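For reference, the chains in residue letters:
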Amino acid sequence: MRILLVYPEFPDTFWSFKHALKFIRKKAGAPPLGLLTVAAMLPSVGEKRLVDLNVTDLTEEDLAWADYVFVSAMVVQRESAQTTIKRCKTAGVKVVAGGPLFTMEHEQFPDVDHFVLNEAEETLAPFLRDLEQGRARRVYTSDEFPDLHQTPVPLWQIVNLEQYDTVSIQFSRGCPFNCDFCNVTALLGHRPRTKTAAQIIAELDSLYALGWRKSIFFVDDNFIGNKKHIKTEVLPALIEWRKGKTGMPFSTEASINLVDDPELMRLMVRAGFDTVFVGIETPNEDSLAECSKNQNKGRDLVESVKQLQRAGLQVQGGFIVGFDNDSASIFQQQIDFIQKSGSVTGMVGLLQSPLVTRLYERMQKEGRLVNEFSGDNVDGSTNIIPRMGLEPLREGYREILSHIYAPKFYYERVLTFLREYQPPKVRGHLEPQYILALWRSIYQLGIRGVERVQYWRLFFWTLFRRPRLFPLAITFAIYGFHFRQVTELHVG
Ligand code: B12
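Residues numbered from 1 in each chain as written. Predicted model: local features only at pLDDT ≥ 70, side-chain atom pairs only at ≥ 80, totals over all residues. Heavy atoms only, no water.

(A) Representation of the packing of aromatic side chains in the model. For the coordinates displayed, the defined rule picks out 36 aromatic pairs. Residues F218 and F273 carry aromatic rings whose centres are separated by 5.1 Å and whose planes lie at 50° to one another, so their mutual orientation is tilted. Placement of the pair is F218 in strand β10 (residues 215-218) and F273 in strand β12 (residues 273-281), with a sequence separation of 55 residues. In terms of burial, F218 and F273 fall into one category: buried. In textbook terms, an aromatic cluster arises when at least three aromatic residues are bridged by ring pairs, as seen for F14, W15, F17, F277, Y405, Y410, Y411, F417, Y421, F476, Y479 and F483. Its guanidinium or amino end placed over the ring of Y208, K245 lies 5.5 Å from that ring's centre, counting from NZ or CZ. A cation sits over an aromatic face here: K245 above W241, 4.5 Å from the ring centre. (Phe/Tyr/Trp six-rings, centres within 6.5 Å; stacked < 30°, edge-to-face > 60°. Helix = DSSP H or I, 4+ residues; strand = E, 2+ residues; numbered from the N terminus. Buried < 20%, exposed > 50% of the residue type's maximum accessible area, 1.4 Å probe, protein only. Lys NZ or Arg CZ within 6 Å of the ring centre and 35° of its normal.)

(B) Looking closely at a nonpolar patch on the surface. Residues L430, Y434, I435 and W439 make up a contiguous nonpolar surface patch of roughly 460 Å² in combined accessible area. Mapping Y434 onto the fold places it in helix α17 (residues 432-447). (Patch = residues over 30% accessible without salt bridge, like charges linked within 9 Å, V, L, I, M, F, W, Y side chains within 5 Å. Areas by Shrake-Rupley, 256 points an atom, 1.4 Å probe, with all protein chains shown as cover. Salt bridge = Lys/Arg side-chain N within 4 Å of Asp/Glu carboxyl O.)

(C) Here's a closer look at the side chain of T462. Mapped onto the elements of the fold, T462 is located in helix α18 (residues 452-465). Non-local contacts of T462, meaning those with residues more than four positions away in its chain, are made with L418, P467, L469, F470 and A473. (Contact = heavy atoms within 4.5 Å.)

(D) Structural detail: the side chain of Q295. Here Q295 shows up in the loop between α11 (285-290) and α12 (301-311). In this structure, Q295 is in contact with F177, C179, S255 and I256, ignoring residues within four places of it in sequence.

(E) Highlighting the site of the ligand. Around the ligand, 41 residues are found, and the nearest of them are V75, E121, N183, G375 and N377. A distance of 2.7 Å separates an oxygen atom of the ligand from a polar atom in the side chain of T13. Measuring from a nitrogen atom of the ligand, one finds a side-chain N or O atom of W15 at 3.4 Å. Those elements giving two or more residues to the shell around the ligand turn out to be α2 (33-41), β3 (68-72), β4 (94-98), α5 (100-105), α6 (120-132) and α7 (184-188). By residue number, the principal contributor to the shell around the ligand is α2, which donates five residues. (Near = heavy atom within 4 Å. Polar contact = N/O pair within 3.5 Å; in protein donor to acceptor, adjacent residues only side chain to side chain.)

(F) Representation of empty space enclosed by the protein in the model. Tallying each qualifying case throughout the model produces one cavity of 30 Å³ or more. The volume enclosed by the largest cavity comes to roughly 40 Å³. Around the largest cavity, the lining residues are F14, V378, L401, Y405, V486, T487 and H490. With three residues, helix α19 (residues 470-491) is the largest single contributor of residues to the lining of the largest cavity. Among the residues forming the lining of the largest cavity, the class breakdown is five nonpolar, two polar and no charged. (1 Å grid on protein atoms, 1.4 Å probe; cavity = no way out; pocket = protein on both sides within 12 Å on 5 of 7 lines; lining within 4 Å. Points joined across faces, edges and corners; volume = space filled by probe spheres on them. Nonpolar A, V, L, I, M, F, W, Y, C, P; charged D, E, K, R; others polar.)

(G) Quick look at the pattern of salt bridges. Enumeration according to the criterion identifies 30 salt bridges in this entry. When the shortest N-O distance is used, the salt bridge between E303 and R310 registers 2.5 Å. Overlapping salt bridges, with partners in common, bring together E290, D324, R362, E366, R368 and R387 in one network.

(H) Quick look at the environment of G29. Topologically, G29 is positioned in the loop between α1 (18-21) and α2. On the basis of relative accessibility, which here comes to 24%, the residue G29 falls in the partly exposed class. For the pair G29 and L235, spaced 206 residues apart in sequence, the C-alpha separation works out to 25 Å. Excluding residues that lie within four positions of it along the chain, G29 makes contacts with L21, Y164, D165 and T166.

(I) Local environment of the packing of α12 against helix α16 (residues 407-420). Between α12 and α16, whose axes approach to 8 Å, the crossing angle comes to 55°. Between α12 and α16, the interaxial angle falls into the category oblique. Between α12, through K306, Q309 and R310, and α16, the contact on the second element is made entirely by T416, F417 and E420. A class-by-class count of the residues in the contact of α12 with α16 yields one nonpolar, two polar and three charged. (Axes fitted to C-alpha atoms, helices over the stretch in contact; angles between N-to-C directions. Parallel < 35°, antiparallel > 145°, perpendicular 65-115°, else oblique.)

(J) Structural view of the sheet that holds strand β11 (residues 250-253). Ordered by their spatial adjacency, six strands build an open sheet running β7-β10-β11-β12-β13-β14, and the pairing between neighbours is parallel. Here the strands that pair on one side only, and so sit at the sheet edges, are β7 (166-169) and β14 (346-350). Pairs of neighbouring strands in the sheet enclose a mean axial angle of 20°, with direction left out of account. In terms of strand pairing, β10 meets β11 through three bridges, oriented parallel. Opposite I216, over in β11, you have F250 as the bridge partner. The sheet contacts of helix α15 (residues 390-404) involve β13 (314-321) and β14, and relative to β14 the element is tilted by about 170°. (Pairing = 2+ DSSP bridges.)

(K) Region of interest: the nonpolar core. Membership of the largest hydrophobic core comes to 119 residues, with the highest contact counts inside it found for F70, I216, F218, L235, L238, F273 and L418. Of all the elements, α19 adds the most residues to this core, at ten residues. Contacts of F218, omitting those with residues within four sequence positions, involve I169, F171, I200, F223, L238, F250, S251, T252, E253 and F273. Membership of the second largest hydrophobic core comes to 25 residues, among which are V6, C88, A97 and V112. (Core = buried A, V, L, I, M, F, W, Y, C linked by side-chain atoms within 4.5 Å.)

As far as function goes, none of this settles anything; it's purely spatial.
Encoded structure:
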């Protein structure tokens, strides 16, 4: 059987990093981990190919070659997924769909032949068995949260890694917390399920053997969901693995209570983690209580971010406005927080309620649901009626974005961060593409850009004061360009 795995295109969003990737001549951040994992679970007989629409086109020849097209997508890829499915239908190729978009809203895709929903570790085998016996059903779902000990090493061999800037791997699924706007616990459970240290080392070894030296993103919902296991088994194994190797800095997602455990921070940094995405959400305590983000309550959050930075972890912060407890002062409070904490990559969104969340249920009960969830929580849209009114919320949101990504404030924040940050000692690996990015940044930002004054100030400040951080400073300058483009696109 010939299986074509297709990953639909992302629109131009905050996380697409499209405008930044151009500086290194790449079109996409990371290859699609879900499809590569599924590919590794398919029987080894038969042929498999992957087409990631973010880096290449889907041709008629591809469709003519395939017996089945396997599609995976997030909600944000809905439109491209729909177009892909239509093209398969026209070409007479059967479609099998899975991943978060279809798990949440499969009813909206009448042209899909088979849905293999939830986690493939549970649903793929029964589907394949039925298919072989000629009695495959249309929908396969499961309420079980499978053990990850059987999850195979993703089939990196079917993707051209050269086309990407980073590679995702996954150590755990699930999160112990209860934030009411997040659907992770409904989709993946409360109890973090982890792979073994040996599994994760096997994944890293396979990437290293393929010549990968650039960054690795651990796409866990909360990397520190099971602290004991990572402290006693996984991080020591990663520290050992890293010895004598170059490159491959790690990043991940974790909750703010990471700062409560200095030993954990120290081990993470020694293992090679240099960046962590943290859902900070809001400096407003009442709003934190409203959404049950209890792990963030009662803390000096600016100081927590700084503690992480001083330990060697850059913090990418997620922020939300539009809680019922937010008043008109929230916009300035968020700006102040982001600036003071040096959260360079500040992802600010309007409160949205995805399906299967407690927030969704509450909004439904209160008759406050409108529109479809766009799937992109940074596009300035929302599917709920905010208590403060939509227009004041949108206006305040515009104010935040135009402030924090304006060159003056953005570069000021970069400096705030660089002054605080103690980078980990991962042996760097110089990629020719980074030299290219430096030249392009000089031309595009330092000569042509509206930020040229700030750019050169950062350039020389870092070169003389913190030379080790110079590559990071240039990366931030390039990210700033991307954030501004996306901001202009969404909020003008
Ligand atoms: C990594 C990640 C990203 C990366 C994506 C990198 C990439 N190119 O893959 C980045 C940072 C770009 C990202 C961004 C966003 N993300 Co995201 N992200 C994740 C995260 C943390 C991990 C995804 C992953 O790789 N998982 C590991 C793989 C193995 O799991 P998987 O893809 O689900 O695949 C499994 C099954 O679903 C199934 N499967 C998947 N596909 C298929 C296909 C077939 C045919 C079959 C049979 C089975 C199957 O089999 C796999 C093994 O079980 C998930 C949460 C999560 N734990 O999944 C959120 C998640 C996917 N993201 C989500 C969201 C909302 C976003 C953003 C909108 C967030 C934002 N703040 O803007 C943006 C949108 C993207 C954009 N560009 O605008 C939501 C999606 C909700 C939805 N229903 O679509 C999730 C589920 C998180 C959440 N809390 O809701 N994200």
